[in-house]
Amino acid sequence: MDYKKTGQEILAKVGGKDNVKSLSHCYTRLRFSLADDSKANANAIEKIDGVMSVKNAGGQFQVIIGTEVDKVYKEILPMIGEGSAVSEDKKPKSFKDMANGVLDVFISCFTPIIPLIAGCGMIKVLLAVLLNFGVLKDTSSTYQILNFIGDSVYYFLPIFVGYTAAKKMDTDAFLGMALGAILLHPNFTAMAVDGAAYTHFLSAPVKLVSYSAQALPVILSVWLMKYVNNFFEKVCPNMVKVFLRPMLTLLVTAPIMLVVIGPIGSIMGDYFQGFCDVMNKWGWIAVGINAAIFPILVLTGMHNALIPLMIQMFAMQGFDPVLVPSGLVANIAEGGAAAAVAVRSKNKKTKGTAISATISALFGITEPALYGVNLKYKRPFVAVLLGSLIGGCFAGLCGVTAYSFVAPSILSLPIFAGGDGSSFIWAVVTVPVSFAVTFAIAWVLGFKEDEVEETEIEIADNEILAPIEGKVVALSEVKDEAFSTGALGEGCAIIPEKGEVVAPFDGTVEAIFPTGHAIGLKRTDGLELMIHIGMDTVELGGKYFEVMVKQNDTIKRGDTLIRFDINGIKKAGYDITTPILVTNAADYEKISANTNSNVTGSEALIYVG
């Protein structure tokens, strides 16, 4: 894969750098926050070399690449630059838009600190191993020091989240950290004299609670701080702004945080603790259900929505007996189903893909198995869901519990080493059980390999595929002499049945009219093609047309070039017949067309010789 070229093409197809508000990535996918999702051409992005699939979920436009995502991310980052933030359109937002936005903020507040949480978590795991083997005693100073090193990220979580929340909301990151530090100041909790639950700021009651490991109060406070800080940024004189702005921002925000936001956040934290208690009591049922749901969450890109829940679970109780074990089972199940496809398939290419996907899934990267094998053949995906359910119930019954937040795989099995050590043993047993059960189900269900058509179409050099779906007619039937006489080129015309123009070959955009009604393309071997949507539609001034590319863009066969509203153009009184012409026909001995038929993008339309 040419990472730079792939990055350039992805950036162009998501609407360019001016449409990118922020960009992050996880193990397998780029996660764009876009100013306008409608500018992103999902169909075209899916056809880019190296891209597996595209999802729009959780307020993020996600481009699934696989394990090489970091290399593509590093190529795109300099292209975006620091000035990539754009102002959003002031159009009304739906409830779904707002919900996705809130979810995006919460995910983005935790994602950057996951490596740190994982690292500290592994220190706790190491400590548990040393304790179980008798190398250390829990009364030793060495144990105590290692213990608070591992706990540090959870204890000071409000400070870390204050920073990431401020970065996400594009406000002062150090003020965000200051708000987290205020919540954790030792003098604050020390004010609870004689068991008092409240103190006072001026005349307002301030609830005395421990905000250690709580993220929600600081996230809500940073949201308020953004507007307060922006206000003082505007009104403070430049001469004293350097200290007056942060001083006034803290004096306004911090009391509101302590009097109002903090207590509300702590109440919500209490409800979350209730959620944890319910999940813990459900036991094996909870693990089984969550494991069965997990592949669907990955499919929709919503699995990252569980990150705040998992981190809070570890922060509040120090372990997770449900969500991380569910993820382990689901990942192994993906590998088991893909392995069954590899064994049963008679196609060498399918076998190779499935074997590679199996190995990736066992190591925690499930997208190749999910998109490249199991979902592709449908029945193996059913096996994944059933195998995850059974494997999850087994893990729950055996008490498999995670003591650190790390992506679950066979490499990270030590995260289950805690307590009396039995969890680790049963986690090791859960892996072959989940794999074998899913493999057996997938084997019994089978799959029909011939149901999946190879998407790669062999195209002869003398063929041009149809750029529009519809009925083909001869040029002589076009009601415009410039076209019907062949003066502009030879070819045919299509009466569209779908309002979309796709690239009929690999090449470049030679010309694109601002109104979007016509486009000129050049194939890599020099053939030139003009597509003119409708008759006299230039008079519409671009209404009913949406252009997805620009001049000099490199295009791949199947890329969406233009979208248009067929009914709108017809109602405006215009003929929708679309001439498709080889404009350098003189370079070829013969031009013929597949007339009087209906065509799609996978069928030859024009033959050149």
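Further up the page is the structure itself.
Residues numbered from 1 in each chain as written. Predicted model: local features only at pLDDT ≥ 70, side-chain atom pairs only at ≥ 80, totals over all residues. Heavy atoms only, no water.

Caption draft 1: Main features of the environment of P158. Checked against the element boundaries, P158 lands in helix α7 (residues 157–168). The class for P158 is buried, based on a relative accessible area of 0%. P158 sits 21 residues away from L179 along the chain, and the two C-alpha atoms are 8.1 Å apart. With residues up to four places along the chain from it excluded, the contact list for P158 reads G180, L184, Y211, A213, Q214 and V218. (Helix = DSSP H or I, 4+ residues; strand = E, 2+ residues; numbered from the N terminus. Buried < 20%, exposed > 50% of the residue type's maximum accessible area, 1.4 Å probe, protein only. Contact = heavy atoms within 4.5 Å.)

Caption draft 2: Main features of the nonpolar core. Within the largest apolar cluster, 69 residues are counted, with the highest numbers of intra-cluster contacts made by V161, I219, F405 and F416. The contacts of I219, once residues within four sequence positions are left out, are F106, C109, F110, V161, A165 and M169. Counting 35 residues, the second-largest nonpolar core is a separate cluster that includes A503, I519, L527 and L529. (Core = buried A, V, L, I, M, F, W, Y, C linked by side-chain atoms within 4.5 Å.)

Caption draft 3: Main features of the packing of aromatic side chains. Counted under the stated rule, the structure contains 9 aromatic pairs. Ring geometry for F231 and F232: centres 5.3 Å apart, planes at 70 degrees, overall edge-to-face. Judged by centre distance (6.1 Å) and plane angle (15 degrees), the ring pair of F439 and W443 falls under stacked. Linking F439 with W443, this pair stays in helix α18 (residues 422–445), spanning 4 residues, or about one helical turn. Given the relative accessible area of 23%, F439 is considered partly exposed. A relative accessible area of 38% places W443 in the partly exposed class. The rings of F435, F439 and W443 are connected pair by pair, giving a single aromatic cluster. (Phe/Tyr/Trp six-rings, centres within 6.5 Å; stacked < 30°, edge-to-face > 60°.)

Caption draft 4: Structural detail: empty space enclosed by the protein. In the structure shown here, the tally under the stated rule is 2 cavities of 30 Å³ or more. For the largest cavity, the calculated volume is near 50 Å³. Lining the largest cavity, in full, are E9, K13, A44, K47, I48, T554, K556 and D559. Looking at the second largest cavity, its volume works out to about 30 Å³. (1 Å grid on protein atoms, 1.4 Å probe; cavity = no way out; pocket = protein on both sides within 12 Å on 5 of 7 lines; lining within 4 Å. Points joined across faces, edges and corners; volume = space filled by probe spheres on them.)

Caption draft 5: The sheet that holds strand β18 (residues 591–593), seen in detail. One open sheet accounts for 3 strands, arranged β7-β20-β18; its pairing is antiparallel. Taken across any chain shown, the strands that pair with only one partner, and hence form the sheet edges, are β7 (463–465) and β18. Averaged over all pairs of adjacent strands, the angle between strand axes in this sheet comes to 25 degrees, irrespective of strand direction. Here β7 pairs with strand β20 (residues 604–608) via 3 bridges, running antiparallel. Within the sheet, the bridge partner assigned to I464 lies in β20 and is I606. (Pairing = 2+ DSSP bridges. Axes fitted to C-alpha atoms, helices over the stretch in contact; angles between N-to-C directions.)

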